Amino acid sequence: MLLFAPLIALAVFALLVPVTYRRFGRDTGWLLAAGFTVLAVVLALQLPASGDGEVVTASWSWMPSIDVALRLRLDALALLFSLIVLGVGALVMAYCARYFSRGRHVWLYTLMTVFALAMLLLVLADDVIVLFIGWELTTLCSFFLIGGVRSGAAGPALRALLVTASGGLALFAGLILLSVHSGTTRLSAILDDEAWKSDSPLATTAAALVIVGAMAKSAQLPLHFWLPGAMAASTPVSAYLHAASMVKGGIYVLMRFSPLFAENPLWTWGLITVGLATALFGALLALEQHDLKALLAYSTMSQLGFLVAMIGVGTPEALAAAALHTLAHALFKATLFMLVGIIDRQAGSRDIRELGGLRRVMPVTATLTALAGMSLAGLPPMIGFVSKETMFAAFHDLPGPAWAGPVALALTVAAASLTFAYGLRIFTGAFIGPTVQRRLHEPSLLFLAPAAVAAAGGLALGVGVHTLNPLIRRVAVDTREQFAAVDLHLWHGWTPELALSAVTFAAGTALFLARDPVDRFLQRPRRRLDGEAAFTACYDATMRAGARLGSLTQRSSPAAHLPVPILALAAIAAAYALHPIAVPAPPRPTTFGVDWVPVTVLAVTVAGAATRRSRLGAVILVGLTGFVIGLWFLLAGAPDLAITQVLFEVITVVVAVLVLRGLPRRFHSASRRRTAVTAGIAVGAGIAAAAATFAFTGRRERSPVADYLLHETGPQTGGSNVVNTILVEFRALDTLGEIAVLVAAGLGTAAIMDLVAVRGAERTAASEQAEVPDSALIVDVVRRALTPVLVVLSVYLLLRGHHEPGGGFTAGLVGGCGLALVHLSRPAASRTPLPPIQTPLLAAGLLVATGTGLAALAAAEPFLRPAHGHVDLAGAHVSLSSSLVFDLGVYLVVLGMVAAALNRLGHYGVEAASGAPRDAPERAGAGERGDA
Amino acid sequence: MSGLTMPLSIALPLVAATLLAVVRRPARPRRIVLLGTLGLLLAHHVVLLVAVADGAVLATRIGGWPGGVAITFVLDTFSALMLVATSLLALVCVWFAIAAGEDERSMFAPLVLVLVAGVAGVLLTGDLFNLFVFLEVTLMPSYALMSMSSDRARFAVGRVFVSISLLTSTVFLIAVGLVYGIVGTVDLASLAGAAADSPPLAAAGAVLLAALAVKSALVPVHGWLAETYPHASPGVTALFSGLHTKLGIYAIYRLYSLLYGGEARFAWIAVGVCVLTMAVGVLAAFGQRSMRSILSFHMISQNGYIALGAVLAAPAGAAAGIFYLMHHMVAKASLFLSAGAVEHRYGTGRLASFGGLARREPLVALAFIVPALSLAGMPPFSGFLAKYVLVRAAIGQGQYIAAVAAVAVGALTLASMIKIWQSVFIAKPKDDDRHEAPQLTAAPVGLVAPALSLAAVTVILGLTGDWLLALCEQAGRGLADYTAYAEAVVD
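As the structure is a computational prediction, the values presented were derived from the model and not from experiment. (Residues numbered from 1 in each chain as written. Chains lettered and ligands numbered in written order. Predicted model: local features only at pLDDT ≥ 70, side-chain atom pairs only at ≥ 80, totals over all residues. Heavy atoms only, no water.)

Draft legend 1. Representation of the overall build of chain B within the structure. Of the regular secondary structure elements, chain B holds 20 helices and two strands. Each principal axis of the C-alpha distribution contributes one length, and for chain B these read about 65 × 55 × 40 Å. In chain B, 82% of the contacts between residues at least 6 apart in sequence involve partners at least 24 apart. Taken as two groups, the 28 positive and 23 negative side-chain charges of chain B have centres that lie 11 Å from each other. (Helix = DSSP H or I, 4+ residues; strand = E, 2+ residues; numbered from the N terminus. Contact = heavy atoms within 4.5 Å. Lys, Arg positive; Asp, Glu negative; His and termini not counted. Charge placed at Lys NZ, Arg CZ, Asp CG, Glu CD.)

Draft legend 2. Representation of the overall build of chain A in the model. Assigned secondary structure in chain A consists of 39 helices and four strands. Seen along its three principal axes, the alpha-carbon backbone of chain A occupies a region of about 125 × 65 × 60 Å. Looking at chain A as a whole, 55% of its 932 residues qualify as buried. Residue pairs at least 24 apart in sequence account for 79% of intrachain contacts in chain A once pairs closer than 6 positions are excluded. (Buried < 20%, exposed > 50% of the residue type's maximum accessible area, 1.4 Å probe, protein only.)

Draft legend 3. Main features of the environment of B:G36. Residues and elements named next belong to chain B. Structurally, the position occupied by G36 is in helix α2 (residues 27-52). Its relative accessible area of 34% is what places G36 among the partly exposed residues. C-alpha separation for the pair G36 and C274, spaced 238 residues apart in sequence, amounts to 38 Å.

Draft legend 4. Molecular detail of the packing of aromatic side chains. All told, the structure shown has 40 aromatic pairs over all chains when counted by the stated rule. Judged by centre distance (5.8 Å) and plane angle (45 degrees), the ring pair of A:F172 and B:F384 falls under tilted. With A:F172 in helix α7 (residues 154-182) and B:F384 in helix α16 (residues 382-396), this residue pair bridges two chains. Neither residue differs from the other here; A:F172 and B:F384 are each classed as buried. When the centroid spacing of 5.8 Å and the interplanar angle of 50 degrees are considered together, the rings of A:F225 and A:F535 count as tilted. Of this pair, A:F225 sits in the loop between α9 (201-217) and α10 (226-229) while A:F535 sits in helix α25 (residues 531-553), and the two are 310 residues apart along the sequence. (Phe/Tyr/Trp six-rings, centres within 6.5 Å; stacked < 30°, edge-to-face > 60°.)

Draft legend 5. Spatial organisation of the interface of chain B and chain A. Between chain B and chain A, the contact holds 114 residues from the first and 108 residues from the second. Per-residue buried area on chain B facing chain A is highest for B:W65, B:V69 and B:Y388; these three make up 8% of the total on that side. The interface formed by chain B and chain A includes one salt bridge. Linking B:D127 and A:R731 is a salt bridge whose minimum nitrogen-to-oxygen distance equals 2.5 Å. (Buried area = accessible area lost by both parts, 1.4 Å probe. Salt bridge = Lys/Arg side-chain N within 4 Å of Asp/Glu carboxyl O.)

Draft legend 6. Summary view of the domain arrangement of chain A. Here the domain parsing of chain A yields domain 1 (279-545) and domain 2 (561-590 + 661-912). Each of domain 1 of chain A and domain 2 of chain A has a C-alpha centre, and the two are 82 Å apart. (Domains from an automatic or database assignment.)

Draft legend 7. Inspection of a positive patch on the surface at higher detail. Taken together, the side chains of A:R612, A:R613, A:R665 and A:R666 make up a positively charged region of the molecular surface. Mapped onto the elements, A:R613 comes out in the loop between α28 (596-611) and α29 (615-635). (Patch = residues over 30% accessible without salt bridge, like charges linked within 9 Å, V, L, I, M, F, W, Y side chains within 5 Å. Areas by Shrake-Rupley, 256 points an atom, 1.4 Å probe, with all protein chains shown as cover.)

Draft legend 8. Summary view of the confidence of the model for chain A. Residue and element names in this part refer to chain A. Of the residues in chain A, 92% have a pLDDT of 70 or more, and the chain-wide mean is 86. Residue range residues 762-773 is modelled with pLDDT below 50. Its contacts to residues more than four positions away, or to other chains, number 12 contacts. Overall, residues 909-932 carries pLDDT values under 50, and its contacts beyond four positions in sequence, including any with other chains, amount to 37 contacts. (pLDDT = per-residue confidence, 0-100.)

Draft legend 9. Summary view of the nonpolar core. Residues A:F257, A:L736 and B:L128 are the most contacted members of the largest nonpolar core, which totals 490 residues. Each of two domains, domain 1 (279-545) and domain 2 (561-590 + 661-912) of chain A, supplies a minimum of three residues to this core. Contact partners of B:L128, with chain neighbours within four places excluded, come to B:F172, B:V176, B:V179, B:V186, B:L188, B:L191, B:L208 and B:L255. (Core = buried A, V, L, I, M, F, W, Y, C linked by side-chain atoms within 4.5 Å.)

Draft legend 10. Spotlight on the pairing of strand β2 (residues 68-74) of chain A. Residue and element names in this part refer to chain A. Most of β2 sits out of view: six of its seven residues are buried. Note: strand β1 (residues 56-63) against β2, seven bridges, orientation antiparallel. Bridging across to β2, A58 finds its partner in L72. (Pairing = 2+ DSSP bridges.)

Draft legend 11. Focus on the packing of helix α13 (residues 316-346) of chain B against helix α19 (residues 466-480) of chain B. Residue and element names in this part refer to chain B. One way to put it is that α13 packs onto α19 with a least axis distance of 7 Å and a crossing angle of 130 degrees. Judged by the angle between their axes, α13 and α19 are oblique. Here α13 runs over α19; the crossing is right-handed. Note on element contacts: α19 touches α13 through L468, L469, C472, E473, A475, G476 and L479, opposite A318, A319, I322, F323 and M326. Residue composition of the contact of α13 with α19, by class: 10 nonpolar, one polar and one charged. (Axes fitted to C-alpha atoms, helices over the stretch in contact; angles between N-to-C directions. Parallel < 35°, antiparallel > 145°, perpendicular 65-115°, else oblique. Left-handed = near helix turned anticlockwise from the far one by under 90°. Nonpolar A, V, L, I, M, F, W, Y, C, P; charged D, E, K, R; others polar.)

Draft legend 12. Broad picture of the confidence of the model for chain B. All names here are of chain B. Averaged over chain B, the pLDDT score is 89; the fraction of residues at 70 or greater is 95%. Looking over chain B, one finds the lowest element-wise mean pLDDT in helix α14 (residues 357-360), namely 79, and the highest in helix α4 (residues 108-124), namely 96. Across residues 440-444, confidence stays below pLDDT 50; counting only partners more than four residues off in sequence or on other chains, it has 10 contacts. ipTM for the predicted complex: 0.94, alongside a pTM of 0.93.

Draft legend 13. Inspection of the side chain of B:S165 at higher detail. Mapped onto the secondary structure, B:S165 falls in helix α6 (residues 154-183). Beyond its immediate stretch of four places on either side in the chain, B:S165 contacts B:L139 and B:Y143.

Draft legend 14. Quick peek at the pattern of salt bridges. All names here are of chain A. Overall, the coordinates contain 24 salt bridges over all chains when judged by the stated rule. The partner of E481 in a salt bridge is K197, with the nearest N and O atoms 3.7 Å apart. Within this pair, whereas E481 is found in the loop between α22 (469-480) and α23 (496-513), its partner K197 is found in the loop between α8 (187-191) and α9, the two being separated by 284 residues in sequence. According to the relative accessible area criterion, K197 is partly exposed, its value standing at 22%.

Structural data, given as structure tokens:
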């Protein structure tokens, strides 16, 4: 409960912010500060116990299916970071209350609270997934705090998000690798897993992934550039982000995983190299800044470098030093940011070239800055002094070659000297020298108080640093499983570290005194290592590459999209053909001499259809292909299929010809190369399909299903036409689906043509109706003779379908032919060739068919179960089946579909022809775009 | 519970479709019938899901014919999950379409209902040929819905959509024919594990999967999706995103596990396709300049993630993939709906035309950023859990390349989501009279509510998604072992 309480409390605080803000305005900051303080005190009560090694755990089963639980664990390391998060959080919240004007800052207070919650979750988590959730939440919070909601800071916010989130992904992969191979997501169990403590490739991979994540988060070279940009955020946000949250997340994770990887060479040397390079480089960059906030930003980067290097050293002493310096840095960096914000507010600038002599008008601010600056520079009696000396001492025990220790130490001293120099610069730049602005004054004490508390904390913990001994030593145990041989005291006696400190001060002072030549050196024009520019270049290049990749397939012509699927088919066939597999001989002969007749005719018609330039010719040849296949069906003994196929071709050709009236007579001409390519693809696909048909069909005995259908149709259904009983009884569901398709096609045609008609009418309202020559006289005569015959025939076909060739589909198509005749015989320019019967026909048909299915269901029978019965009518024995009703539905739908096609598409032909002058260029344009 | 009522999932919307095709006004009762039907379907599917949540399999033989002859409707946990998800999305997307007035177009309601019936048929059927039929039932109304948008490019993209779909259907039908030619049955339960001993069937299965890959827009057959989806009307794009490619993915899961179950010889090809799909989709998305283009390319990328779940060994891989699928359907539709709300109001989706919407339309901003972050796999949203279980499954099975791709693609996903966020919602508003339009949030049950409701789902799933994870695990087990499925069909 001790562990859940602060998390729940912070969540409640975040939810309450909008309410309290309405009542208290910006003073909500004070309330939050009070809340944070209470939480910090509650946790601080755990300090003595934690120092003695007591560990508090809590767990709540969250996602048992994936073994992720809200496991929390408070040891000394977690406690240290928790106190930093809450303590600095309290100060920053209090600072917010006076920093911000009285406007609406609900969003900011809420986000800051969530930020604290996320950090606390990160440091308390004992489950790698929960830890990662905390980690990503801090990333998101900082994104929104930096500039997620303001246009001004979009760039820095984007960089911060993408860099840290990408690093987060590396950490994510590392954590999953660890948890998968350890078989648990529990962090403390993974940390106990000996398998990771070697330098096996797996362990090294995991270590590398964790390092990359931490480098991005803690702004280490070369992923550092987002941090200086992040100062676009408001100062309280920067203070929190730099001192206690976000960047400290990376440090925490590195320390947390030290038990596993501290012996790994990549970990040791990678972290030391990266850390020291960042420390040195960051300090140099800090020294060349004039903007105090930017200076502090680079300073953070440099200080984090020290910490990372310390973790790399990996001895218990080094980790103790890192822990102490984390605390020291949190205190002085929070103070300095808050004070810079105050200076900015009071003096209207943060540029040391515009400031000066402020100590006369703002003595308190000056004193506090001096205290924090001393801690930064490592001067006694501040905590920063002790932590720096502890770090110097830790380098003595650097593992590895003998030269490594002195080199690392020398670099550290160099970086520390630069730190000393820029620390001095902060103070002198703002407070020493002639007072430029004489009318300034101290801000209110309430505004100064948070900074004062932090500065005083740095002093108190410097003088009383020995009180931290139990906690810091226990952190070393938590991270390296050994007690650290550290004894924290302000005065260590005459040690080598003291001498190094003296060297640091001397060198730093020298750098400060020689500030003009140093400045000239630093400010000289040179090629800069510009991470931001590199990021932007990368970002833009990726975007361009993406646009190019996308444009590969952004083609409005269907022809551009069709080849790949067809080629995939050919590829499968080719891959299969490469495996020599015996093709079984067919049980019965499958090819007869007469088959070659349709094959030859088909080859001719297909070749003709493919080469015709005339649209009408191509359509007729394709129709002919269908007729030939229909005849082939007849030859093969399938009259139902043959009749349906032929009727279908008739209707298709009629409708196609109607549509063609609105199109150019000839196809666009295609280039020779394109023709060759498409021909190649078509032939390849054709060969693949033919080969598959040859190899895979007709090579087994009749299937059990086929046997059943042939033998059981009569007994089961009372019908004798197997094809029709399959359609309306055995596989009536397929038929229901198919008529649903027809209904959708009919309704869809109507809907689209309604749209076209509306626009077409607008377009052609003024233009004269085109006169189409009336050549329908002969057709009209035929119609008068044939239509009644067709109507009777279609009804007859419908009724006899159960026993003889016929059925709803065929009957509907015959009826459709009748409709087509009626349509063709009318004057072509007529607006409504047929009454609008299609929608009622389609709806009624679908309703009837679905209804027969539902009727069975209502009788607690399976859906679409046909009911059979016999009626003795006038002595004749008539067998009745509900499937006839179903077939009636099919009939109506087919009829409706034909009516829709004739009505709408036939209408369209005339419409489009009359609107052609304006319509044609548009369509041709679309074609060209795709063909290009 | 008996499976007798399963066909209601297709019969109900078909009957409602006939009604709404004939009765053309007044508008209000029509809307009530439309939404009521979809609501009933959702309720029906929830009941079905509850019945099979423990891994039970329901089956009903349509027409009552003996096993092997009849077409069977089979419901396992996977299909039940899909039924619930698709009917939820249909309901929410139609709600949006009504709010945006898209339903006033002629025949919108009956076409959507036929589409919904087709979706249910695809998910329920246990018969390969019948699967083909119901895929057609979903496609035919879609051609019309796609072409009904007011976008000027609609006919050009409509042609792409129709021709690629027809080609895919033809290929699929050829493959169904080959399967019947080889084994003499199209009953799925009888096909379980059959491809392992039969190279011809393995080849025919490959053709089936190739056709489904086109349908699911996997690289290299992905281009049509990004070319067509952005040009449909916003509500229709959202509807299609939730239903169409997901049916292809569903069928891939079903057939891959059924035919090849556990066969790993050619898995490298499938893994390669998934990795390419993830990478190409996200990269192309990053390069786009309008909201729905970005979202469409993203869908391709995410389909790669989902398909990866089918390729990884069941049950862990399938469970992860199915969870990803569930999350993705919700998050993606939510994004299409919030982007659609913006487009509907401002008449454009070009990023460059916008700016500063976060202040003007905070609710829209919320409805966008939540699913956007979820899609990018950020906690505490469902996308994080989805990415986690999938990457965990990949690493657990030693598919490191796939895992690296899945993780790395996440960065670019985030980048392109932030690209939309910053240019539409954050950037300085352009001086443009378009922005004089009234606030979207003015209408109480307006355009934003559908997107917001789905955004809420992704948050809830992210925080309390354990029940869904458990269901997906159950579904994954069903795909790993078809014994129960086959038994239910025979009984």
